[in-house]
Amino acid sequence: MQHPVSGPAVACMQPHATWTRDEHGVGRYLTVHTKCLDCHPPSSAMDFFRGFLLSARSTYRLPVFAAKRVRILGSPEEFYAELKARIRTARRRVSLASLYIGTGDLERELVSALEVAVTEHPGLKVNIVVDRNRGTRPDREGNSTATLCASLVLEKNAQLSLFKMPRDPQASRARLFLESYLPPRFNEMFQTFHLKAYAFDDSVVLSGANLSTDYFTNRQDRYIVVECPPLARFYHNVCDILSRYSMAHAQVMEAPGHEKPDYASLKSELESALIVEDDLVPHDSDFAERAETLVVPTLQLKALGIDVDENVTLGLLHGIKERFHAGEESEIFVASGYLNFTDDYIDALRTAGARTNVVTASPEANGFYNALGAPGAIPLGYSMLQSRFMAAFNSYRRNEGTEKGETARCERDVCMFEYNRPGWTFHGKGFWYTSGTAEDARPSGTIVGSSNFGWRSVLRDMESSVLLHTTNAELQEAMLEEWQSMIAGCTQVDESIFQTKRRQTTEWFSWTQGHWIRPASHLIRKFM
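> Any chance you could explain the environment of R57 here in plain terms?
Along the polypeptide, R57 turns up in helix 1 (residues 48-59). Under the relative-accessibility criterion, R57 is labelled buried at 17%. Spatially, the C-alpha atoms of R57 and I275 are 8.8 Å apart, while their sequence positions differ by 218 residues.

> I'm lost on helix 2 (residues 76-89) in this one. Help?
It helps to recall that an α-helix has 3.6 residues per turn; residues three or four apart then point in one direction. Here helix 2 spans 20 Å end to end across 14 residues, near enough to the 20 Å set by a 1.5 Å rise per residue. Across the 14 residues that make up helix 2, a large majority, eleven, are buried. For helix 2, the set of buried residues is P76, E78, F79, Y80, A81, E82, L83, K84, A85, R86 and I87.

> I would appreciate a short explanation of the confidence of the model for the protein chain in the present structure.
Interpretation of this model should avoid reading the predicted coordinates in detail wherever pLDDT is low. Per-residue pLDDT for the protein chain has a mean of 87; in total, 84% of the residues score no lower than 70. Per-residue pLDDT stays below 50 along residues 32-45; that stretch engages in 42 contacts with residues further than four places along the chain or on separate chains.

> Would you mind going over unusual backbone geometry with me for this structure?
Where the residue is not glycine, phi is negative for most of them; where a peptide bond is considered, it is trans in most cases. One non-glycine residue with positive phi stands out, namely D201, at about 50°. With respect to the helices and strands, D201 occurs in the loop between strand 8 (197-200) and strand 9 (203-207). By relative accessible area, which is 14% here, D201 ends up buried. Positive phi, close to 70°, is recorded for N370, a residue that is not glycine. Mapping N370 onto the fold places it in the loop between strand 16 (355-361) and helix 15 (378-403). For N370, a relative accessible area of 61% puts it in the exposed group.

> How should I be thinking about the packing of aromatic side chains in this particular structure?
The description of an aromatic ring pair uses the distance of the two centres, along with the angle that the planes make with each other. Under the defined criterion, the tally for this structure stands at 21 aromatic pairs. Between the aromatic rings of F48 and Y433, the centroid separation amounts to 6.0 Å while the plane-to-plane angle is 65°, which identifies the pairing as edge-to-face. One end of the pair, F48, is in helix 1; the other, Y433, is in strand 19 (residues 429-435), with 385 residues separating them in the sequence. Note on accessibility: F48 and Y433 belong to one class, buried. Relative to Y198, the ring of F79 lies with its centre 6.0 Å away and its plane at 50°, an arrangement referred to as tilted. Taken together, the residues span a long stretch of sequence, with F79 in helix 2 and Y198 in strand 8 at a distance of 119 residues. Grouping residues by exposure puts F79 and Y198 together as buried. Clustering of aromatic rings is evident, with ring pairs tying together F48, F49, F52, Y60 and Y433.

> Honestly, the pattern of salt bridges in this entry has me stumped. Any pointers?
It is possible for side chains of opposite charge to pair when their charged atoms get near one another. By the definition in use, this model includes 22 salt bridges. Where E328 meets R323, a salt bridge forms, and the shortest distance between an N and an O atom there is 2.8 Å. Take R323: its relative accessible area is 30%, and that puts it in the partly exposed class. It is possible to trace a salt-bridge network through shared partners that takes in R69, R71, E82, R86 and E227.

> Mind showing me how you'd approach helix 3 (residues 105-120) here?
In a regular helix each residue adds 1.5 Å, so 16 residues correspond to 22 Å; helix 3 covers 22 Å between its end C-alpha atoms and thus fits that length. Every buried residue of helix 3 is listed here: E107, L110, V111, A113, L114, A117 and V118. Each buried residue of helix 3 lies within a common arc of 150° when the element is viewed along its axis, so the set occupies one face. Residues of helix 3 that are exposed and point more than 90 degrees away from the buried face comprise D105 and E120. As for helix 3, its buried residues are in contact with helix 2, strand 5 (93-97), strand 6 (125-131), helix 5 (145-148) and helix 8 (213-217).

> What is the right way to read the pairing of strand 6 from this model?
Side chains on a regular strand alternate between the two faces of the sheet. Among the seven residues that make up strand 6, six are buried, leaving the element largely enclosed by the rest of the structure. As paired elements, strand 5 and strand 6 share five bridges and run parallel to each other. Bridge pairing in strand 6 links V94 to V126. With helix 3 bridging strand 5 and its parallel neighbour strand 6, the resulting β-α-β unit is right-handed.

> Would you explain the packing of helix 2 against helix 3 in this entry?
Between helix 2 and helix 3, the shortest axis-to-axis distance is 9 Å and the interhelical angle comes to 15°. As the angle between them shows, helix 2 and helix 3 are arranged roughly parallel. The hand of the helix 2/helix 3 crossing is left-handed. Contacts between helix 2 and helix 3 involve Y80, L83, K84 and I87 from the first element and L106, E109, L110, A113, L114 and A117 from the second.

> Sorry, what's going on with the side chain of S383 here?
As for its position among the elements, S383 is in helix 15. With a relative accessible area of 3%, S383 lands in the buried category. Once residues within four sequence positions are removed from consideration, S383 is found in contact with P363, F498 and R503.

> Help me understand the packing of helix 9 (residues 229-244) against helix 11 (residues 263-274) in this model?
Packed helices, taken two at a time, are described by their axes: the angle between them and the distance between them. Across the interface, helix 9 lies against helix 11 with an axial gap of 10 Å and an inter-helix angle of 175°. With respect to helix 11, the element helix 9 is oriented roughly antiparallel. Touching F234, N237, V238, I241, L242 and R244 of helix 9 are L266, E269, L270, A273 and L274, all from helix 11. Among the residues making up the contact of helix 9 with helix 11, the classes are represented as eight nonpolar, one polar and two charged.

> It is not clear to me how the pairing of strand 13 (residues 293-301) should be interpreted in this structure. Could you clarify?
Counting buried residues along strand 13, nine of its nine residues qualify, which places the element largely inside the surrounding structure. With burial as the criterion, each face of strand 13 is covered, one bearing T293, V295, P297, L299 and L301 and the other bearing L294, V296, T298 and Q300. Across two bridges, the pairing between strand 3 (residues 65-66) and strand 13 is antiparallel. Within strand 13, the residue paired with F65 across the bridge is V295. The sheet contact formed by strand 13 and strand 21 (residues 463-470) spans eight bridges and is antiparallel. Counted as the bridge partner of V296 is L467 from strand 21. Taken together, the two bridges between strand 13 and strand 14 (residues 306-307) define a ladder with antiparallel strand orientation. From the neighbouring strand, L301 faces strand 14, where its bridge partner is I306. What sits between strand 13 and strand 14 in their antiparallel hairpin is a turn of four residues, with G305 showing a positive phi close to 80°.

Parameters at a glance
- Residues numbered from 1 in each chain as written.
- Predicted model: local features only at pLDDT ≥ 70, side-chain atom pairs only at ≥ 80, totals over all residues.
- Heavy atoms only, no water.
- Helix = DSSP H or I, 4+ residues; strand = E, 2+ residues; numbered from the N terminus.
- Buried < 20%, exposed > 50% of the residue type's maximum accessible area, 1.4 Å probe, protein only.
- Expected span 1.5 Å × (residues − 1).
- pLDDT = per-residue confidence, 0-100.
- Contact = heavy atoms within 4.5 Å.
- Phe/Tyr/Trp six-rings, centres within 6.5 Å; stacked < 30°, edge-to-face > 60°.
- Salt bridge = Lys/Arg side-chain N within 4 Å of Asp/Glu carboxyl O.
- Arc of directions from axis to C-beta.
- Pairing = 2+ DSSP bridges.
- Right-handed = clockwise from strand over helix to strand, strands pointing away.
- Axes fitted to C-alpha atoms, helices over the stretch in contact; angles between N-to-C directions.
- Parallel < 35°, antiparallel > 145°, perpendicular 65-115°, else oblique.
- Left-handed = near helix turned anticlockwise from the far one by under 90°.
- Nonpolar A, V, L, I, M, F, W, Y, C, P; charged D, E, K, R; others polar.

Here it is as structure tokens:
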């Protein structure tokens, strides 16, 4: 079934938007093709998000690419099926960046598919980059990402790179001592390689999901497939760079060692990959302005002084605030599986003037729910940080913002949703922007990637996001449906939820509801 994009009658017979079902029959999704620019010039009207992306070339020296096709997937099963389908059709490059690969049956099938692909197609190059700590941490049976990929890396054109995150140069001696001697599961609190991007030839699957069974079955995230050769080349290049500063599979398995990569050179290479030079700007100066769907990638690795993702996100929110003061209404939607916004993000969100909606995991949908020992306290700890955010946001909108005349035209309180679908956990993250607040308004821009917009994402982990804007009405509708589908598994809550018994501490010596959790969550919030 085809749904052509609305527009003037033209002679071009190319379908520009189609609804299809994947080859596995796992769900229906929208494919939006880049319109023929001569036949379908976009509207002359330009909303703020698009203007912000176009200015990224000069403001942040970031590349701005035009996407050929975009698909939004809705479920973990579709995500898994898409990965396997892309592996089968790849002929030149497969680059997978993830925190880790799990060790279950589905992951084994995925790795087996990679083995078949590199065997059948000698020209195919496979590069997998994972966090070194997480990638070598054994499960109860002694298996890990490293052992799972042992046969794959025997192939000539396949490699597994285990990237060790650089330490914060301002880290205290006490922290360095703890980091050196804590077990792997606990020293990951200091920093992890958190970037997720799955590039196949000329396309990229953008997500916040890792490569393990729960992310393929019942852990909700986001999944956007972008066919865009320059964006794919960017992520292939980033994975290649990271590999040069990682330990190969054989090195880790035979002689773990404690090498110290040249992180200064790594920073230089990553910045060179991200920052646009004059000769990389499209030769047709009007191309990006005329293209229907634009994408802009970012990186974040604060330990090396790379804070592009943070600066671009804050710049976007500050721009929304400026437009609000100029009389422009807008609505924003934010998702974070681990809601722990930095002070800068809280301030930018509450002063932006936009109608604001946020979705996060309920304690029961937190990945650490029912965990044994200290990790069992994490769901309640995040609930307390969520309460802190809501109090700060709502207090400003009700009091300070009103006194300054900033909230006269916008909804005051944040509209908070908690994901609580039975049997599922929530890992979704992202940002949606809608110009105007009319009932029929649709998002025109989104941010998709690995960042939770929290302290960890900004200070500790390596992250990457893509900002996407489209003038395509059907893709805008698909972005709205993505958000609506996400909150269909949610309950809307207000601040009274934090007064219920299950959100309160009840005794001192309890991993899940101990009185110690409140001061601890405040003290270690920059590690959460």
